[in-house]
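Given next are the chains, with one letter for each unit.
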Amino acid sequence: MARPVKPRRVCAMPAIAEFAPLLPCAGQVEMAVDEYETIRLIDHLGLSQEECAAQMGVARTTAQAVYGSARRKLADALVNGKRLLIQGGSYDLCPKAHSCPGKPCCRRCQAQSPKK
Ligand SMILES: [Zn+2]
């Protein structure tokens, strides 16, 4: 049985959740929303893995594993010409998600999160 996964905080949903090659493609890759969030935070906004983990409310090792999985999926889609779908996963959408598009809103979020 799979262990229950603690939800990861996601501060922005993908604007586009489906990418496809112009030419007929060779399959499909499904990326979870929490995996997408690590790509957004680390590769797009330049956060460190530690900062990413803090913002998403998970351990650094968890963030590292999620990020690694996201990168493998991106590479699979890019190299093998597959469709990429971003959906599902275990996450809680940050209540400030719509007020800070494209920016890390971690500090504001953390101030509002109950202490664990
Ligand atoms: Zn947030």
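In this text the structure is predicted, and so the values were computed from the model without any measurement. (Residues numbered from 1 in each chain as written. Predicted model: local features only at pLDDT ≥ 70, side-chain atom pairs only at ≥ 80, totals over all residues. Heavy atoms only, no water.)

Chemist: Can you tell me about the overall build of the protein, naming the residues and giving the values?
Modeler: Secondary structure assignment for the protein yields four helices and five strands. Counting only residues that meet the buried cut, the protein has 34% of its 116 residues in that class. Within the protein, counting contacts between residues at least 6 apart in sequence, those at least 24 apart form 77% of the total. (Helix = DSSP H or I, 4+ residues; strand = E, 2+ residues; numbered from the N terminus. Buried < 20%, exposed > 50% of the residue type's maximum accessible area, 1.4 Å probe, protein only. Contact = heavy atoms within 4.5 Å.)

Chemist: So what's going on with the sheet that holds strand E4 (residues 83-86)? Which residues, and what values?
Modeler: Strands sit in the order E2-E4-E3 across an open sheet of three strands; the sheet is mixed. Taken across any chain shown, the strands that pair with only one partner, and hence form the sheet edges, are strand E2 (18-19) and strand E3 (28-31). Of the strand pairs in this sheet, E3 and E4 are connected by four bridges, and their pairing is parallel. When the sheet's bridge partners are listed, Gln28 is paired in E4 with Arg83. Strand contacts of helix H1 (residues 33-44): E3 and E4, with the helix running at about 80° to E3, the strand carrying the most contacts. Sheet contacts for helix H3 (residues 60-80): E3 and E4; angle to E3, the most-contacted strand, approximately 155°. (Pairing = 2+ DSSP bridges. Axes fitted to C-alpha atoms, helices over the stretch in contact; angles between N-to-C directions.)

Chemist: I'd like a description of the pairing of E4, backed by residues and values.
Modeler: Pairing geometry for E2 and E4, over two bridges, is antiparallel. Its bridge partner lying in E4, Phe19 is registered against Leu84.

Chemist: A description of H1 should follow, citing residues and the corresponding values.
Modeler: Counting buried positions over the 12 residues of H1 gives 10, a clear majority of the element. Among all positions of H1, only Val33, Asp34, Glu35, Tyr36, Glu37, Thr38, Ile39, Arg40, Leu41 and Ile42 are buried. Where H1 is buried, its residues contact strand E1 (8-10), E3, helix H2 (49-56), H3, E4 and strand E5 (91-93).

Chemist: For the nonpolar core, give the residues involved together with the corresponding values.
Modeler: The biggest cluster of nonpolar side chains holds 19 residues, and the ones touching the most others in it are Met31 and Cys52. Mapped onto this core, the elements with two or more residues apiece are E3, H1, H2, H3 and E4. If we skip the residues at most four places from it in the chain, Met31 touches Tyr36, Ala70, Lys73, Leu74, Leu84, Leu85, Ile86 and Gln87. (Core = buried A, V, L, I, M, F, W, Y, C linked by side-chain atoms within 4.5 Å.)

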